[in-house]
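Examining the three-dimensional arrangement
So the chains spell out like this:
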Amino acid sequence: MATIILGGGVSGLLTAWHLHRRGEAVEVWEAEAEPGGWVQTLPWNGPGGEPGRVEKGPQGILVRAGSPADRLFKALDLPLNSPGKGARWVGKGDQLIPVPAHPMGLATSPLMSLRTKLRMALEPFQPVRPAEPEEGLFEFIARRAGRGMAEELLAPMVAGILAAPPHLLSVDAIPLLRKWESHGSLFNGVRKSGISHLMVPEGGMGALSSRLAERVPLVRTGLRATALEHLPGNRWAVSAPGHRAEADRVILALPAFEAAPLLAPLAPAASEALASIPYTSVKLWHSRHTPLMPFADGFGFLIDPPSGRPYLGTLVPSWIDRGCAPEGLMQLRSFIGDSTLWEDPRPEEPKDWAWTEARLKRWLPALAPALQTREEVSPNAIPRAEKGHRARVRTAVEALPKGLDWISNARFGPGVRDVIEGLEDWA
Ligand SMILES: Cc1cc2nc3c(=O)[nH]c(=O)nc-3n(C[C@H](O)[C@H](O)[C@H](O)COP(=O)(O)OP(=O)(O)OC[C@H]3O[C@@H](n4cnc5c(N)ncnc54)[C@H](O)[C@@H]3O)c2cc1C
């Protein structure tokens, strides 16, 4: 069977890799000049021209021994580096509160009230609810671990990962939660699943995309699919400016809003369902400073949303991926959410470096002035699995005609690990 895959992000490349390993003829069309989508590592030299880099999307990936991600990196012969265990904090009010390295440490942490901790201790004894109907993320955590947990800890955690407020989201926004609950409780699920470690491929996350692209027989770049056609004999034609090709199957490995218009003439119900999946835009500032200890030797901090609105937190890439910053410099990556989602008290204020630095200084008053800064605007970056997401995805997938499929992080879960796990099952 000959397959054309539209989209050379990690979803498309990984799908192509699985099919190629099964002996199928496959080619990938990628609209941009380079494959990888959000998973790309870009050069950013130091103040004196020293080599350095920034990530366009994920800073790292959580890998557990024996997991699909572990199997993938081994099959690709891609060495992984782990930064080890580093401190992380939550910014609440004007304070940075350490997040305990182990869940047991939560018992003594000032992150939550005593009442919340006592209720959390009852989590293993809560009954398991059937997967249907789909539950909200906030409601799921409140049911399992108590309303206090949902109100006091969930928001900064979710803001840092999904850049969206938890009360909007479906439990499917974090697919691991339902998997853990299927073990009887979240506590049991975490225990049985084993510990994941934050890992970065040698050379940055982009090495994953480059290695996949090397292992796939044909990746055509600069080819943006603009139309799909159903041919007699259940074959398909795909067109891009100056190019047309036919195949037995077409897989749209595209964000939902890119797949929707291509499908509109052929599968209107699927197209409509995909068009209704919202995406969140984020803005990021990369900066380099002289190191500030102990902050430079940790993962970074997330902000409890009311304290930041819409500043969401800051990671320390120079700790996560040691090679990204020139020797002796601390590299930061600060996330700014979408003003419309976060009740930004001053949405008209430009979120420039001065604005971002003022937020950073609130929690890191001794931070040295930046030696370098770099702005990154990421429109429609993260699919927002709002309540009803499961039905939207189901409708889209079930309404696709034979010979068409849609693969994306909006289908399997927002992170690279979710895509790797979802695609291993799919393949
Ligand atoms: C700022 C940011 C931080 C993130 N951090 C993390 C993290 O820490 N951990 C984690 O696990 N995940 C993280 N993610 C999520 C992760 O990047 C995504 O899960 C993953 O990259 C999604 O891959 P994809 O292939 O589904 O989509 P994409 O990367 O969007 O790829 C889609 C591809 O399709 C191409 N395309 C679009 N239209 C067409 C067309 N008509 N024809 C041909 N090609 C087309 C695009 O150019 C693109 O290359 C982050 C994402 C962002 C934006």
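Up top is the structure these notes are about.
Just so we're clear, the structure is a prediction, and the values are computed from it rather than from any experiment.

1. Topic: the site of the ligand
Around the ligand, the structure places 28 residues, and the nearest of them are Ser 11, Glu 30, Trp 38, Pro 414 and Val 416. Between the ligand and Ala 31 there is a distance of 3.1 Å, counted from a nitrogen atom to a backbone nitrogen or oxygen. A distance of 3.0 Å is found between an oxygen atom of the ligand and a backbone nitrogen or oxygen belonging to Trp 38. When isolated, the ligand has an accessible area of 1000 Å², and the protein chains bury 87% of it. Going through the elements one at a time, α1 (10-21) and β2 (25-30) are the ones with two or more residues in the shell around the ligand. Taken together, the residues of the shell around the ligand sort by class into 14 nonpolar, 10 polar and 4 charged.

2. A word on the environment of Lys 283
Its place among the elements puts Lys 283 in strand β15 (residues 279-289). Along the backbone, Lys 283 and Leu 212 are 71 residues apart, and their C-alpha atoms lie at a distance of 28 Å. Those residues in contact with Lys 283 that lie beyond four places of it in its chain are Ser 334, Phe 335, Ile 336, Lys 351, Glu 375 and Glu 376. From its side chain, Lys 283 meets the backbone oxygen of Lys 351 in a polar contact 3.0 Å long.

3. Describing the sheet that holds strand β5 (residues 61-63)
Strand order in the open sheet formed by 3 strands is β5-β9-β6, and the pairing between neighbours is antiparallel. Lying at the two open borders of the sheet, with one neighbouring strand each, are β5 and β6 (80-81). Pairing geometry for β5 and strand β9 (residues 197-201), over 3 bridges, is antiparallel. Across the sheet, the residue bridging to Val 63 is His 197, located in β9. Strands β5, β6 and β9 of the sheet are contacted by helix α2 (residues 68-75), whose axis makes an angle of about 100 degrees with β5.

4. Description of the packing of α2 against helix α16 (residues 416-426)
Running from amino to carboxyl end, α2 crosses α16 at an angle of 85 degrees, the nearest separation of the two axes being 9 Å. On the basis of their axis angle, the class for α2 and α16 is roughly perpendicular. Judged by residue contacts, Pro 68, Ala 69, Arg 71 and Leu 72 of α2 engage Ile 420, Glu 421 and Glu 424 from α16. Here the contact of α2 with α16 is composed, by residue class, of 4 nonpolar, no polar and 3 charged.

5. Points about the sheet that holds strand β20 (residues 404-406)
Spatially, β10-β2-β1-β14-β20 is the arrangement adopted by the 5 strands of the open sheet, whose pairing is parallel. Where the open sheet ends on each side, the last strands, each with one partner, are β10 (219-221) and β20. Shown here is a sheet whose adjacent strand axes are inclined to one another by a mean of 20 degrees, direction ignored. Where strand β1 (residues 2-6) and β2 come together, 5 bridges link them in parallel fashion. By the bridge assignment for β2, Ala 2 is matched with Ala 25.

6. So, unusual backbone geometry
Pro 294 follows Met 293 through a cis peptide bond whose omega is 0 degrees. Take Pro 294: it is sitting in the loop between β15 and β16 (298-303). Going from Arg 309 to Pro 310, the amide bond is cis rather than trans, its omega being 5 degrees. Within the fold, Pro 310 resides in the loop between α11 (305-308) and β17 (311-315). For Ala 163, which is not glycine, the phi torsion reads 55 degrees and is therefore positive.

7. Observations regarding the side chain of Arg 384
Positionally, Arg 384 belongs in the loop between β19 (372-383) and α14 (389-398). Judged by relative accessible area, Arg 384 falls into the buried class, the value being 11%. There is a polar contact of 3.3 Å between the side chain of Arg 384 and the backbone oxygen of Tyr 279.

8. Considerations on the layout of surface pockets
The volume enclosed by the second largest pocket comes to roughly 670 Å³. Lining the second largest pocket are 29 residues, with Asp 172, Pro 175, Arg 411, Phe 412 and Gly 413 sitting closest to its centre. Of all the secondary structure elements, the ones that give two or more residues to the lining of the second largest pocket are α6 (176-181), α14, α15 (409-412) and α16. No other element matches α14, which puts 6 residues into the lining of the second largest pocket. Across the lining of the second largest pocket, the residue classes tally to 13 nonpolar, 4 polar and 12 charged. Here the lining of the second largest pocket spans two domains, since at least three of its residues come from each of domain 1 (2-39 + 206-278 + 385-426) and domain 3 (112-194).

9. Digging into the pairing of strand β7 (residues 87-92)
Two elements, β7 and β16, share 5 bridges in a ladder whose sense is parallel. What sits directly across from Trp 89, in β16, is Phe 301. Relative to strand β8 (residues 95-98), β7 runs antiparallel, the two being bridged by 4 bridges. If you follow Gly 91 over to β8, its bridge partner there is Leu 96.

10. Notes on the pairing of strand β13 (residues 243-247)
Sheet topology note: the strand β12 (residues 235-240)/β13 ladder contains 5 bridges and is antiparallel. When the bridges of β13 are listed, Val 238 appears paired with Ala 245. In sequence, β12 turns back onto β13 through a hairpin of 2 residues, with Gly 242 there showing a positive phi of about 80 degrees.

11. Some points on the pattern of salt bridges
All chains considered together, the criterion is met by 32 salt bridges. Put simply, Glu 123 and Arg 144 hold a salt bridge, and the shortest N to O gap is 2.5 Å. You can see Glu 123 sitting in the loop between α3 (114-120) and α4 (137-145) and its partner Arg 144 sitting in helix α4, a full 21 residues away along the chain. The residues Glu 123 and Arg 144 share a single accessibility class, namely buried. Glu 214 is paired through a salt bridge with Arg 211; the nearest N and O atoms lie 3.5 Å apart. Taken together, the positions of Glu 214 and Arg 211, both in helix α8 (residues 206-215) and 3 residues apart, correspond to about one turn of that helix. The exposure class of Glu 214 is exposed, given its relative accessible area of 59%. Each of Glu 123, Arg 129, Glu 135, Arg 143, Arg 144, Arg 178 and Glu 181 takes part in one network of salt bridges that share partners.

Conventions used here
- Residues numbered from 1 in each chain as written.
- Predicted model: local features only at pLDDT ≥ 70, side-chain atom pairs only at ≥ 80, totals over all residues.
- Heavy atoms only, no water.
- Near = heavy atom within 4 Å.
- Polar contact = N/O pair within 3.5 Å; in protein donor to acceptor, adjacent residues only side chain to side chain.
- Areas by Shrake-Rupley, 256 points an atom, 1.4 Å probe, with all protein chains shown as cover.
- Helix = DSSP H or I, 4+ residues; strand = E, 2+ residues; numbered from the N terminus.
- Nonpolar A, V, L, I, M, F, W, Y, C, P; charged D, E, K, R; others polar.
- Contact = heavy atoms within 4.5 Å.
- Pairing = 2+ DSSP bridges.
- Axes fitted to C-alpha atoms, helices over the stretch in contact; angles between N-to-C directions.
- Parallel < 35°, antiparallel > 145°, perpendicular 65-115°, else oblique.
- Buried < 20%, exposed > 50% of the residue type's maximum accessible area, 1.4 Å probe, protein only.
- 1 Å grid on protein atoms, 1.4 Å probe; cavity = no way out; pocket = protein on both sides within 12 Å on 5 of 7 lines; lining within 4 Å.
- Points joined across faces, edges and corners; volume = space filled by probe spheres on them.
- Domains from an automatic or database assignment.
- Salt bridge = Lys/Arg side-chain N within 4 Å of Asp/Glu carboxyl O.

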